[in-house]
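Structural features, examined
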Amino acid sequence: PRLPFSVLQRPTRMPSSLLAAARARPRPHIGSEQLKYQYFVTVHGLTFLPGGTCPSSNLSVLWTRGSKTAITQEAAADAQSRSAIFGQTLTLICTLFRSPSAASSSSGFSEKLCGFALIRHGSRGAQTLPKCKGD
C-alpha cells in the first residue's frame, strides 16, 4: 500500500526570515547553571472572610509554574464555618537557573514566577476565583 507521505524527503531549508527571527530571540539562560528541584506545597484549607461570598459549589486549588500544573481534589466549603478543608500535598519539579547576573540577588537564582488560583467547579464548568503570583 502507498503511504500518504513520502518517507524519503529532502530536508527543506528554513526561510531566511524565520532563521533571522530565531537568531534574534533572546536566550536569557545561556551560560546559566540549571538546577532541578522538587517543591512540595501542602494545602491545608481556606477560610472565606466575613462579608464575602462563600461558594456553595466544590472548590480546588491550582498551582502553576511555567507550563506545569498541580491541582487538589475538589472540596466543598462549609457554609457555617465558611471554610474548605483540603489536607493535600501538591508537588512540582522545577528547573531554576543560577547565572552570574543573578548572583547579586538574595537567592542567586533568576526569577521564575509561580501562581496559585482558587477554582470553583459549577454546573457551567470551572471558574477562576482569586489568584496570586509569587517568586
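Residues numbered from 1 in each chain as written. Predicted model: local features only at pLDDT ≥ 70, side-chain atom pairs only at ≥ 80, totals over all residues. Heavy atoms only, no water.

Thoughts on the nonpolar core
Phe48, Leu59, Trp63, Ala77 and Phe86 are the most contacted members of the largest nonpolar core, which has 16 residues in total. Those elements that place two or more of their residues in this core are β2 (58–65), β5 (83–98) and β6 (114–122). Element by element, the count of residues in this core is highest for β5, at five residues. The contact partners of Ala77, leaving out residues within four places of it in the chain, are Phe48, Cys54, Pro55, Leu59, Ser83 and Ala84. (Core = buried A, V, L, I, M, F, W, Y, C linked by side-chain atoms within 4.5 Å. Buried < 20%, exposed > 50% of the residue type's maximum accessible area, 1.4 Å probe, protein only. Helix = DSSP H or I, 4+ residues; strand = E, 2+ residues; numbered from the N terminus. Contact = heavy atoms within 4.5 Å.)

As for the packing of aromatic side chains
Evaluated as defined, the whole model comprises two aromatic pairs. An angle of 50° between the planes, with centres 6.4 Å apart, marks the rings of Tyr37 and Tyr39 as tilted. A relative accessible area of 35% means that Tyr37 is categorised as partly exposed. Seen from their ring centres, Trp63 and Phe116 are 5.8 Å apart, and the 5° between their planes marks the pair as stacked. You can see Trp63 sitting in strand β2 and its partner Phe116 sitting in strand β6, a full 53 residues away along the chain. Under the relative-accessibility criterion, Trp63 is labelled buried at 3%. The positively charged end of Arg65 is found above the aromatic ring belonging to Tyr39, 5.6 Å away from the centroid. (Phe/Tyr/Trp six-rings, centres within 6.5 Å; stacked < 30°, edge-to-face > 60°. Lys NZ or Arg CZ within 6 Å of the ring centre and 35° of its normal.)

Description of the confidence of the model for the chain
Here the chain averages 77 in pLDDT, while 70% of its residues score no lower than 70. Within the chain, strand β4 (residues 75–76) carries the highest mean pLDDT (92), whereas helix α1 (residues 16–24) carries the lowest (59). Here residues 1–11 is modelled with pLDDT under 50, and outside its nearest four sequence neighbours on either side it reaches zero contacts, counting other chains as well. (pLDDT = per-residue confidence, 0-100.)

As for the side chain of Ser83
Within the secondary structure layout, Ser83 lies in strand β5. Here the side chain of Ser83 touches Ser81 through a polar contact of 2.9 Å, side chain to side chain. Contacts of Ser83, omitting those with residues within four sequence positions, involve Leu46, Thr47, Ala76, Ala77 and Asp78. (Polar contact = N/O pair within 3.5 Å; in protein donor to acceptor, adjacent residues only side chain to side chain.)

Some words on the environment of Phe97
For Phe97, the position within the fold is in strand β5. Take Phe97: its relative accessible area is 14%, and that puts it in the buried class.

Some thoughts on the state of the cysteines
Taken as a whole and judged by the stated rule, the model has zero disulfides. With no disulfide of its own, Cys94 lies closest to Cys114 among cysteine sulfurs, the gap being 7.9 Å. Of the cysteine sulfurs around Cys132, a residue in no disulfide, the closest is that of Cys114, at 7.7 Å. Here Cys132 falls in the partly exposed class, since its relative accessible area comes to 44%. (Disulfide = S-S within 2.5 Å.)

Looking at the environment of Gly87
Turning to its location among the elements, Gly87 is positioned in strand β5. Residue classification places Gly87 among the exposed residues on the basis of a relative accessible area of 56%. It is 9.7 Å that separates the C-alpha atoms of Gly87 and Gln73, two residues lying 14 residues apart in sequence. What Gly87 contacts, discounting residues up to four positions off in sequence, is Val43 and His44.

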